[in-house]
Amino acid sequence: MEENRGTIRQRHPKATPEADASLELLGIKSDLDRNSFSNLSMLGMAFAIVNTWCAIGTTVNASLPSGGPSSAVWGIVIAGVFNMCSGVSLAEFLSAYPTAGGQYHWAAVASWKSTRRAVSYITGWINLAAWVCLAGANCLLVSGIIMSYGELMYPGFQQRPWQRFLLYIAVDGIALSYNLLANRFLSHLNKYNMFFTLAGFVISLVTILACAAPNFQSAKFVFGGFINESGWRDGWAWQLGLLQGQVPAFSVTAYDSTIHMIEEMPNPTRQGPRLIIYAIAMAVITGFGYIAAVLAVIGDVPSAISSSQPLLEIYYQATRSKAGSICLMLFPLLSFVLCAIDDMATSARIAYALARDGGMPFNSYFEHVSPTVGAPVAGLLWCFAWDIVLGLVFLGSTSAFNAIISAAVVCFTITYAIPPGINMLRGRCMLPENRSFKLSNTVGYICNAASVAWTLLTTVLFVWPPTRPVDAVNMNYCVVAFGVIIVIAGSNWILSARKSYHPPTLELVHSHHTALVDVNQLVDKAATSEVEQYSQEKTK
């Protein structure tokens, strides 16, 4: 049986009984279509946004001067392990509370009574800022690839910031237009994007290895090569390359897209956690293989480091064909365009969830889901507008824009650590025992602690100056960009959210029985005997 709802075609029934029941337990009513995304399309979205192998190649020149090949190759493994710990920690929360708010809802669930509103509110805004900045980063990557085509074909060509800005706006406009005009096809686009990205991975790998043979770099260079042009001590430089180079840290992040689209899946509590794990595993496996192959075929390391688009330069060194290199670069170019579309869709869902809880300015606009578009239009326009502002920042200063992107990675890792970190501090007792995805206590503590440790490390390294001596030009302004995010969120809190923001209700668990209590009225877990007794009486 089929039904047309606005412009969205649906088949029913698909959703499992517990799909909306989980939201009802939190006191949330969703206006999003529960049957929008299948498991395959959601996996495609998560894998395509993480997009590790594409991101690795286009940012490899940032890691090579600080740590060299070893930092880039083994950094993927290190980042993968720690992000998997973060992923499974979040998966526990997702299996219990599958909401579009994700981390900020879970922060409210896990936090102490006195800090619930503040912690969840700032977590939500940090997460929203991260996704808006990520959409801008993908737009910039596309514009950079297109401009590098001109440099390859015409050696005397000089990039101009206004040229990249116009291309940046064009990509941002494409992302907005697709979400407004073709949202009902988003799930199909994600399936296509996953297979397209995987096909691009295989084709690119086979091509560069075949063309470069037998002139490969040694295994010692690929897996143990070290370069330090940063001015810092070797050990610290290697860690800076691991993170500030963005190859591992930037490339294995943003897997929480599944979380924020979860209210549009028919079986969220069981499939959602698995999709997070699958996306991280696929990203690390393809990323490790790809960066090893790229480093094996690189011929002129200094040229790759100095190039505006290192991957195109490495392709050209391997194939000795300008046309072939341009064709291979179409895979990351088109993939980043599709990622920008998904980033904007995810940002809109976070803004929608925040508005539903009273955390946005003009909440009534942001919480409205257009029946024609099938998506929160105000959230889409919000992301588009802020990305234009970021583009203007790039037009004035590339260093400032890079600081914003670095701040985005810091924002992601912070929101990944807050819910499991608080839950760990409270004895891992803030989640229902009957959730579908559950780590053992020992494994849970290890993964939660690893998530927090990774966040502390990335936060310190991402705000550290990349080279020394430090001056106004090479200073790392990431902390300034992060401060601006906090100021914007704080201003909204003072002007409206301190009165209107109310986190969702909470599910308390006692021997698998539940009782609903408003978060602001809830006492700490250790003092909930009356509520738990009430829960038992209601179930008798």
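Just above, that's the structure.
Given the structure is predicted, the values throughout are model-derived calculations rather than measurements. (Residues numbered from 1 in each chain as written. Predicted model: local features only at pLDDT ≥ 70, side-chain atom pairs only at ≥ 80, totals over all residues. Heavy atoms only, no water.)

Things to note about the pattern of salt bridges
For clarity, the threshold we go by: A pair is scored as a salt bridge if a Lys or Arg side-chain nitrogen falls within 4 Å of a carboxyl oxygen belonging to Asp or Glu. Every helix listed is a DSSP run of H or I at least four residues long, and every strand listed is a run of E at least two residues long, numbered separately from the N terminus. Think of it in three bands: with a 1.4 Å probe and only protein chains considered, a residue is buried below 20% of the maximum accessible area for its type, exposed above 50%, and partly exposed in between.
Applying the stated criterion to the full structure yields 5 salt bridges. Two residues, R428 and E92, come together in a salt bridge whose shortest N-O distance is 3.0 Å. Taken together, the positions of R428 in the loop between α19 (398-425) and α20 (441-462) and E92 in helix α4 (residues 68-96) put the pair 336 residues apart, joining distant regions of the chain. We classify E92 as buried; its relative accessible area is 1%. Put simply, E433 and K438 hold a salt bridge, and the shortest N to O gap is 2.4 Å. It is possible to trace a salt-bridge network through shared partners that takes in E92, R428 and R435.

A word on the environment of V252
The condition is simple: We call two residues in contact when some of their heavy atoms are within 4.5 Å.
Within the secondary structure layout, V252 lies in the loop between α11 (247-251) and α12 (257-260). For V252 and V409, which are 157 residues apart along the polypeptide, the C-alpha to C-alpha distance reads 9.9 Å. Residue contacts for V252: discarding those within four places in its chain leaves V50, T52, I76, A79, G80, N83 and V284.

Brief notes about the packing of helix α3 (residues 52-63) against helix α13 (residues 268-297)
Definition in use: Each axis is a line fitted through C-alpha atoms, and for a helix only the stretch in contact is used; angles between axes span 0 to 180 degrees, taken between their N-to-C directions. In this scheme, a crossing is called left-handed if the near helix is turned counterclockwise away from the far one by less than a right angle; it is called right-handed if the turn is clockwise. Ten residues, namely Ala, Val, Leu, Ile, Met, Phe, Trp, Tyr, Cys and Pro, are considered nonpolar, four, namely Asp, Glu, Lys and Arg, are considered charged, and the remaining ones, Gly among them, are considered polar.
In the contact formed by α3 and α13, the axes pass within 8 Å of each other and the chain directions differ by 40°. As for the relative orientation of α3 and α13, their crossing is right-handed in sense. From α3, T52, W53, I56, G57 and V60 reach across to α13, where they touch A283, T286, G287, Y290 and I291. Looking at the contact of α3 with α13 residue by residue, the class counts come to 6 nonpolar, 4 polar and no charged.

A few points about a nonpolar patch on the surface
Condition: A patch consists of residues whose relative accessible area exceeds 30% and which take part in no salt bridge; residues with like charges are grouped when within 9 Å of each other, and nonpolar side chains (Val, Leu, Ile, Met, Phe, Trp, Tyr) when within 5 Å. Surface accessibility follows the Shrake-Rupley procedure with a 1.4 Å probe radius. Residue values consider only the protein chains on display as shielding.
Together, V463, V470, M475, Y477, V479, V480 and V484 line one region of the surface with nonpolar side chains, adding up to about 520 Å² of accessible area. Take V484: it is sitting in helix α21 (residues 478-500). By relative accessible area, V484 is classed as partly exposed at 43%.

Overview of the environment of Y97
Considering the arrangement of structural elements, one finds Y97 in the loop between α4 and α5 (103-110). For Y97, a relative accessible area of 1% corresponds to the buried category. Taking the C-alpha atoms as reference points, Y97 and P268, separated by 171 residues in sequence, lie 9.3 Å from one another.

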